[in-house]
Amino acid sequence: MSFRHVIALAALLGAGSLAAQEAAPPAGAPNTAAAAPAAPLKPGDATAGQAKIATCGACHGIDGNPASSQYPKLAGQHESYIARQIELIKSNQRQNPVMMGFIASMTAQDMHDVGAYFATKTSLPGVADAKLVARGEALYRGGDKATGTPACMACHGPDGRGNPGAGYPQVAGQFADYVTQKLKDWRDGKKWSDDDKGAIMPAVAHGLNDNDIAALATYIEGLHATDAGHTAAK
Ligand code: HEC
Ligand code: HEC
């Protein structure tokens, strides 16, 4: 089902290469990234992960809900997505100099254990700006044909929980500051990786203007993953 979404997006955007996602491993298949070491990768172990996150907690919060909105929330995020991002950051494809020193010695197994740990936590939802939430909701749920923007919901889900099998992250409750910065980066041509997944968000964001980005970001911050897509607005 998730691949249908990618193909639908590819058709909508006229980007044929995204259809190559169809060749990706099926949902739930073990992550056998090219860079994985010879030792077979076991599913992440949340208890083992808890012992490995002491340094991460200083920025991301021990339960994955950071005190400061300059760091993304990891609470409730999917194991596979967390492991993938740590790998992309470690290999410097996704540039994040402040984090490098903390992950330099992590193995693929560590990345999955830490991911499994944060996946057991719950993202604390924020509150959306009432002036922008209607536009944000319309874009999130329906996209905008005029700017070639697909509905975010098609991949990230009506409740913002994403789809771990397809590699679509949870976005519900994520800080608006962080989401704004990421959408602007993608809109302006930055990429996290050269693979098919890395091509998706630059294609999605390329028609967004700053007002639409602000509306989407505040809607996402107020989206409650635990409450079937309810959005709190102030
Ligand atoms: C000094 C602060 C700091 C520390 C310590 C830190 N991080 Fe980060 N981390 C960041 C920042 C800043 C970003 C966002 C970078 C960006 O904007 O792309 C980030 C992003 C991430 C992401 C991507 C999140 C997403 O939603 O895409 C993951 C996963 C992550 N960190 C895991 C970890 C883990 C695991 C540790 C501990 C081993 C750790 N971080 C330690 C600052 C930190
Ligand atoms: C075709 C599927 C698809 C659609 C449609 C889509 N996304 Fe994404 N999104 C992804 C994928 C895949 C990633 C992760 C990319 C990676 O791992 O390299 C992502 C990542 C993100 C992230 C980063 C989350 C984090 O914690 O760092 C945000 C924010 C985001 N998308 C917002 C949106 C918004 C807003 C829209 C609608 C305008 C949207 N997405 C539409 C597939 C999609």
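Predicted model only: the values in this text are computed from it and were never measured.

1. Quick notes on the overall build of the chain
Then, number 1: Of the regular secondary structure elements, the chain holds 11 helices and 0 strands.
Then, number 2: Its helices and strands taken in sequence order, the chain reads α-α-α-α-α-α-α-α-α-α-α from the N to the C terminus.
Then, number 3: Counting over 234 residues, the chain shows a buried share of 39%.
Then, number 4: Within the chain, counting contacts between residues at least 6 apart in sequence, those at least 24 apart form 73% of the total.

2. Structural notes on the nonpolar core
Then, number 1: Ranked by internal contacts, the top residues of the largest apolar core, which has 28 residues, are Leu183, Ile213, Ala215, Leu216, Ala217, Tyr219 and Ile220.
Then, number 2: Going through the elements one at a time, helix H7 (133-142), helix H8 (153-156), helix H9 (176-187), helix H10 (196-205) and helix H11 (210-222) are the ones with two or more residues in this core.
Then, number 3: Take this core: its biggest share by element is 7 residues, from H11.
Then, number 4: Counting 15 residues, the second largest nonpolar core, distinct from the first, contains Ala75, Ile86, Tyr117 and Phe118.

3. So, helix H6 (residues 108-119)
Then, number 1: Between its first and last C-alpha, H6 extends 16 Å over 12 residues, near the 16 Å set by a 1.5 Å rise per residue.
Then, number 2: A large share of H6 lies buried, amounting to 10 of its 12 residues.
Then, number 3: Buried within H6 are the following residues: Gln109, Met111, His112, Asp113, Val114, Gly115, Ala116, Tyr117, Phe118 and Ala119.
Then, number 4: Tucked inside the fold, the buried residues of H6 contact helix H2 (46-50) and helix H4 (79-90).

4. Concerning the site of ligand 1
Then, number 1: In the vicinity of ligand 1, 18 residues are found, and the nearest of them are Cys56, Cys59, Pro72, Gln85 and Met99.
Then, number 2: When contributions to the shell around ligand 1 are tallied by element, the ones reaching two or more residues are helix H3 (54-60), H4 and helix H5 (97-103).
Then, number 3: Tallying contributions element by element places H3 first for the shell around ligand 1, with 5 residues.
Then, number 4: Of the residues contributing to the shell around ligand 1, the split by class is 14 nonpolar, 4 polar and no charged.

5. A short note on the environment of Ala104
Then, number 1: Here Ala104 shows up in the loop between H5 and H6.
Then, number 2: Exposure remark for Ala104: the 8 C-beta atoms within 10 Å place this residue in the exposed category.
Then, number 3: It is 9.7 Å that separates the C-alpha atoms of Ala104 and Ile86, two residues lying 18 residues apart in sequence.

6. Examining H7
Then, number 1: Val133, Gly136, Glu137, Leu139 and Tyr140 are the residues of H7 that are buried. End-on view of H7: buried residues confined to an arc of 165°, all on one side of the axis.
Then, number 2: Where the residues of H7 are buried, they touch H8 and H11.
Then, number 3: Gly143 sits one or two positions beyond H7 and adopts a positive phi of about 65°.

7. A closer look at the environment of Ala75
Then, number 1: Within the fold, Ala75 resides in the loop between H3 and H4.
Then, number 2: Ala75 sits in the buried class, given 20 other C-beta atoms within 10 Å.
Then, number 3: Each C-alpha atom, one on Ala75 and one on Gly64, is 4.2 Å from the other, the two residues being 11 residues apart in sequence.
Then, number 4: If sequence neighbours within four positions are ignored, Ala75 has contacts with Asp63, Gly64, Asn65, Phe118, Lys121, Thr122 and Ser123.

8. A few points about the packing of H4 against H6
Helix packing geometry: the angle between the two helix axes and the distance between the axes.
Then, number 1: Close contact between H4 and H6 brings their axes to 8 Å; oriented N to C, the two are set at 135°. When the axis of H4 is compared with that of H6, the two are oblique. Like other packed secondary-structure pairs, H4 and H6 cross with a definite hand, here right-handed. Residues Glu79, Ser80, Ile82, Ala83, Ile86 and Glu87 of H4 form the contact with H6, whose own contacting residues are Met111, His112, Val114, Gly115, Ala116, Phe118 and Ala119.

Scoring rules and cut-offs
- Residues numbered from 1 in each chain as written.
- Chains lettered and ligands numbered in written order.
- Predicted model: local features only at pLDDT ≥ 70, side-chain atom pairs only at ≥ 80, totals over all residues.
- Helix = DSSP H or I, 4+ residues; strand = E, 2+ residues; numbered from the N terminus.
- Buried ≥ 20, exposed ≤ 12 C-beta atoms within 10 Å, placed from the backbone.
- Contact = placed C-beta atoms within 7 Å.
- Core = buried A, V, L, I, M, F, W, Y, C linked by C-beta atoms within 7 Å.
- Expected span 1.5 Å × (residues − 1).
- Near = placed C-beta within 6 Å.
- Nonpolar A, V, L, I, M, F, W, Y, C, P; charged D, E, K, R; others polar.
- Arc of directions from axis to C-beta.
- Axes fitted to C-alpha atoms, helices over the stretch in contact; angles between N-to-C directions.
- Parallel < 35°, antiparallel > 145°, perpendicular 65-115°, else oblique.
- Left-handed = near helix turned anticlockwise from the far one by under 90°.

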